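# Survey of secondary and tertiary structure
Here is how the chains run, residue by residue.
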Amino acid sequence: MDVDRSSGRFEVSAMFSKTAKPKMRSAAWRISMWAALAFACGTMVVFVFLHQFVAGDIQRRTDAWLTGEAGVLRDVAARTPKEWLSRRVVAEVAELASREVPYRKPSGKTLNDSVFFMQTAADNSVTLWVGAGDPAAHLRAIQHSRIAADTPTDIEIAGFDTPFRVVCVVTGTKGNIYLGVSERDQLRVLGRLRLRFALLWLLIVCIGYAIVFLTTRRLLRDVREITEAASRIGEADLSRRVPAPRRKDEVGHLAFTLNRMLDRIESSVHQLHTITGSLAHDLRSPLTAVRAKLEMALTARAKDEESESVVSAIEDMDRLTEFLDRSLDVAEAKANALKLHRVAIDLDDLLRVMIDLYEPSLSEKGLGVQLSSAGRLEVWADTALLHRMVANLFDNELRHLPASCTVTISLREAEDNALLTVEDNGPGFAPEVRAHLFERRVKGPDSNGHGLGLAFVDAVVRAHGGTIEASNRHIEGARIAITLPLNVKSGGAVSTESALASH
Amino acid sequence: MRLLLVEDEADIQNFLRRSLTEAGYQVDAAGDGKTAERMAVESPHDALVVDLGLPDEDGLSLILRLRNLGLHAPVLILSARRSVDDRVRGLEQGGDDYLTKPFALAELLARLRNLVKRTAVPAADATRLRVLDLELDLLRREASRSGEILNLTPQEFILLEYLCRNAGRVVTRSMILDEVWGMRIQPDTNVVDVHIYRLRGKVDADGRRPLIRTLRGVGYVLKDR
């Protein structure tokens, strides 16, 4: 029981009394989403690292080729002083070199535009040019970037999309030799690599996601089956067990533990049944015999003065029996061991009959009674228990309400439940009683009942999977609100139809 | 009227045999299922009173076995359990009745009489009921006394009709609740008494001869003589 003193009211809530189930959404999606995200990040880091490594390696190999070729060209230029011959030889070497460019596309044009060779004189005029495009643009770009000797450098040249890797060789008085190779092929190779990486990455992440999702879902399906079975067991048959997966993992262990717990619960409930059953039986037989003897005594001395005390002894016995019955009922119901024989019951009709039965008694005491109901509302419940429950509510009002008060009973549909409220404009629940209203043996200071009435009401409501809440009304009087699950087969549609029909 | 009483506890058996004999029944008593079966086969009975907790077998299986042997007499079941299970409720629909222990003798006698009457004479489809100077028109739902119309509510009419149909016999509060309101409850308060009190105020008013008599601790009788 959860007592909320600050708001001046309290609620009785039990695990099984809440009927509104939270909508279930599988955790498999969430888990596999996070798993896939972690997986994607991890593989991404690995790929970035690999990419850097490959790009660095390609750069290194290009640079090695460039410096090597530039060295050859310097040697050739140094050994062939004759101007024309020199040009010729250098041009051929350059041509040759341009065909050995690393990472070239094999089907390239003969005169490719990915390599250039340039020799400048001391006065910065181009003396030799092999390559595509305008040598002046190349020279401008080279001069602009202040290139260091024998160090390959990236240079952007106007008219080309991709930068060139250029090495500068100083040949003393003859000026400089520049050898440049376009980074286009290099970038293309890296681009292709990245594309393959991306596709592979996507594939791996998808496969990983699918694997995690499927395994998680399978695992959670086992858990869900266990949950569903367990909830069914709670409301119906204690002899059933949750399905135990064959695997010996945590879920299998959970099912095993649950089943063992159910064994224990079943045996305690069985024990309770046996105890209450035998208690009822063992007490009842002597009670029957005693009652019989009293009745015999009554007939033997029919007109005697003592018959008065015999009659009152019989009445005391009947009260004792009734008390015994109710105590056992409440005990069984509190232990969730009441046997329900559920049928579809129209609560509206039941209330009308009950009001009919109680109205004379109420008006005899100067109490009024009102029913506000929209019409037919079917619940799935045990008729005998509901009759007794409503009778207890009325008995409670009859006993405690001072004259000239009114009992207002209202019935309506609230979500998947029938909401039954019993309100009065009397003094309300006494503070010392209020917090323990639904416990056994709690009665008001001036009560002459045995204090089981509302405990029994609470027990019946719980046994049906409903909720009960008692509070003092805002201004004056007491209010008891009860919800009972609607009959699923008819549901709300029927009740609205008949409500319309009755107007 | 010949009864077969099946009850294993000597005290209760003695008491019941005496009381039932006093009430005008011829009683055969058995203490266990075997004896009961033999007696039932030997001679026909008008009704049976069977305790569910017999030493040698379950009273219910005895009843079912006797039914299979061709027994048609109605059975009043005595049960020491406080709520009877489905099988007994099923029997109740078949025309039998049950009582939980401990019971009031008057209740038992009343129910037994009701049971025998129910099976012996199928409910007469008369449109009028007459008890002394009280007359009920079942079609127009009107009651009159010495020709003077009584101003009854529909519920009061049903209650009076029930009393009339059982005129001269004791009806208990729980029988009234069961038959008129269709519920087996034991209210803490005197709801039935208040209904009877009101009805009596209308039926027995104006110095007429009182018809509805209260039997303290037992129930009510509508006098028919």
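Definitions and limits used
- In this numbering scheme, every chain counts its residues from 1 along its sequence in written order.
- For this description, chains carry letters from A and ligands carry numbers from 1, given in the order in which they are written.
- Per-residue local features are limited, in this predicted model, to residues with pLDDT of at least 70; the limit for side-chain atom pairs, both in listing and counting, is 80 or more; totals at the level of whole chains, interfaces and linings are taken over all residues.
- Labels follow the DSSP assignment, with helices taken as runs of H or I lasting at least four residues and strands as runs of E lasting at least two, numbered in each case from the N terminus.
- Counts of 20 or more other C-beta atoms within 10 Å of a residue's own C-beta define buried residues, counts of 12 or fewer define exposed ones, and intermediate counts define partly exposed ones; C-beta atoms are placed from the backbone.
- Axis definition: a line fit to C-alpha positions, over the contact stretch in the case of helices; interaxial angles, taken between N-to-C directions, run 0 to 180 degrees.
- Crossings are assigned a handedness: left-handed for a near helix turned anticlockwise from the far helix by less than a right angle, right-handed for a clockwise turn.
- Contact between two residues is assigned when their C-beta atoms, built from the backbone, lie within 7 Å.
- As a working rule, the residues Ala, Val, Leu, Ile, Met, Phe, Trp, Tyr, Cys and Pro are called nonpolar, Asp, Glu, Lys and Arg charged, and the rest polar, with Gly in that last group.
- A pair of strands is labelled paired if DSSP reports no fewer than 2 bridges between them.
- Any helix carries an expected span of 1.5 Å times its number of residues minus one.
- Note on scores: pLDDT gives the predictor's confidence for each residue, bounded by 0 and 100.
- The directions from the helix axis to the C-beta atoms are what the arc is built from.
- For the purposes of this analysis, a nonpolar core is taken to be any set of buried Ala, Val, Leu, Ile, Met, Phe, Trp, Tyr and Cys residues that are connected through C-beta atoms within 7 Å.

Turning our eyes to something else, we now look at the overall build of chain A. When its secondary structure is counted, chain A shows eleven helices and 14 strands. Going through the 503 residues of chain A one by one, you find that 28% of them count as buried.

Another aspect to go through is the packing of helix α8 (residues 383-400) of chain A against helix α10 (residues 453-463) of chain A. Residue and element names in this part refer to chain A. Between α8 and α10, the shortest axis-to-axis distance is 9 Å and the interhelical angle comes to 145°. α10 is crossed by α8, and the crossing has left-handed handedness. Residues Leu385, Met389, Asn392, Leu393, Asp395 and Asn396 of α8 form the contact with α10, whose participating residues are Gly453, Leu454, Phe456, Val457 and Val460. Within the contact of α8 with α10, the residues separate by chemical class into seven nonpolar, three polar and one charged.

Quick look at the sheet that holds strand β12 (residues 417-424) of chain A now. All names here are of chain A. What the five strands build is an open sheet, ordered β9-β11-β12-β14-β13; its pairing is mixed. Every other strand in the sheet has two partners, leaving β9 (368-373) and β13 (467-472) as the edge strands with one partner each. Direction aside, the axes of adjacent strands within the sheet are offset by 15° on average. Taken together, the eight bridges between strand β11 (residues 406-414) and β12 define a ladder with antiparallel strand orientation.

The subject of this paragraph is the packing of helix α6 (residues 307-334) of chain A against α10(A). Helices that pack against each other are described as a pair by the angle of their axes relative to one another and the distance between those axes. All names here are of chain A. Two elements in contact, α6 and α10, have axes separated by 9 Å at closest approach and are oriented at 40°. Regarding α6 and α10, the two cross each other, and that crossing is left-handed. Between α6 and α10, the residues in contact are Arg326, Asp329, Val330, Ala333 and Lys334 and Ala455, Phe456, Ala459, Val460, Arg462 and Ala463, respectively. When its residues are assigned to classes, the contact of α6 with α10 shows seven nonpolar, no polar and four charged.

Right, let's get into unusual backbone geometry. In this model, B:Lys101 is joined to B:Pro102 through a cis peptide bond whose omega is -10°. Among the secondary structure elements, B:Pro102 is positioned in the loop between β5 (97-100) and α5 (105-120). Positive phi values are uncommon outside glycine, yet A:Glu415 reaches one of about 55°. Following the sequence through the fold, A:Glu415 ends up in the loop between β11 and β12. A positive phi angle, close to 50°, is found at B:Leu132, a residue other than glycine. For B:Leu132, a count of 14 C-beta atoms within 10 Å translates into the label partly exposed.

Moving on to the interface of chain A and chain B. Quoted interface sizes are often the accessible area lost when the parts come together. Tallying the contact residues gives 36 residues for chain A and 27 residues for chain B. Of all the elements in the fold, those that place two or more residues in the side of chain A that touches chain B are α5 (250-300), α6, α7 (347-364) and α8 of chain A. The element contributing the most residues to the side of chain A that touches chain B is α5(A), with twelve residues. Counted by class, the side of chain A that touches chain B contains 16 nonpolar, ten polar and ten charged residues.

A separate point is the pairing of strand β10 (residues 378-382) of chain A. Residue and element names in this part refer to chain A. Taken across its five residues, β10 has four buried, putting it largely inside the fold. Looking at chain direction, strand β8 (residues 342-346) and β10 are connected through five bridges and run antiparallel. If you follow isoleucine 345 over to β10, its bridge partner there is valine 379.

Residues and elements named next belong to chain B. Taken together, four strands build an open sheet; the order of strands is β6-β7-β8-β9 and the sheet is antiparallel. Pairing within the sheet leaves two strands with one partner each, and these edge strands are β6 (128-131) and β9 (148-150). Here the strands of the sheet are splayed against their neighbours by 25° on average, with no regard to which way each runs. The pairing of β6 with strand β7 (residues 134-137) spans four bridges and is antiparallel. From the neighbouring strand, arginine 130 faces β7, where its bridge partner is glutamate 135.

On to α6(A), then. Helix length check: α6(A), at 28 residues, gives a terminal C-alpha distance of 40 Å against a target of 40 Å (1.5 Å per residue), a fit within 8%. Buried within α6(A) we find A:Val310, A:Ile314, A:Thr321, A:Arg326, A:Leu328, A:Asp329, A:Val330, A:Glu332, A:Ala333 and A:Lys334.

Here the focus is the confidence of the model for chain B. Residues with a pLDDT of 70 or more make up 90% of chain B, whose mean pLDDT is 84. For this predicted complex, the interface score ipTM comes out at 0.79, while the overall pTM is 0.60.

Residue and element names in this part refer to chain A. All of the buried residues in helix α3 (residues 135-145) are His138, Ala141 and Ile142. In a view along the axis of α3, the buried residues occupy a sector of 100°, so they form one face of it. Exposed and facing more than 90 degrees away from the buried side of α3 are Ala136, Gln143 and His144. Close packing links the buried residues of α3 with β3 (115-120), β5 (153-155), β6 (164-170) and β7 (176-182). After α3 finishes, the residue arginine 146 shows a positive phi value of roughly 45°.

Before going further, it helps to examine the confidence of the model for chain A. All names here are of chain A. For chain A, per-residue confidence averages 78 on the pLDDT scale, and residues scoring 70 or more make up 79% of the total. Low confidence marks residues 1-20, where pLDDT is under 50. Its contacts with residues over four positions away, or in another chain, come to 32 contacts. Every residue in residues 107-111 scores below 50 in pLDDT, and together they form one contact with partners more than four places removed in sequence or on other chains.

This part covers the environment of A:Leu398. When you line up the elements, A:Leu398 lands in helix α8. Residue classification places A:Leu398 among the buried residues on the basis of 20 C-beta atoms within 10 Å. As a C-alpha pair, A:Leu398 and A:Gly366 span 32 residues in sequence and 10.0 Å in three-dimensional space. When near neighbours in sequence (up to four residues on either side) are disregarded, A:Leu398 contacts A:Ser361, A:Leu362, A:Lys365 and B:Thr189.

Our focus in this paragraph is the nonpolar core. Counting 110 residues, the largest nonpolar core has A:Leu347, A:Val390, A:Val460, B:Val6, B:Val49 and B:Val50 as its most contacted members. When near neighbours in sequence (up to four residues on either side) are disregarded, B:Val6 contacts B:Ala30, B:Ala36, B:Leu48, B:Val49, B:Val50, B:Asp51, B:Leu54 and B:Gly59. Judged by nonpolar contacts, the second largest core, of 23 residues, contains A:Phe117, A:Phe164, A:Val166 and A:Val181.

Note on placement: A:Leu193 falls in helix α4 (residues 184-235). Here A:Leu193 is in contact with A:His51 and A:Val54, once residues within four sequence places are set aside.

This part takes up the pairing of strand β4 (residues 126-130) of chain A. All names here are of chain A. Pairing geometry for β3 and β4, over four bridges, is antiparallel. Considered in β4, the bridge of glutamine 119 is made with leucine 128. Between β3 and β4, which pair antiparallel in sequence order, lie five residues; one of them, asparagine 124, sits at a positive phi of approximately 70°.

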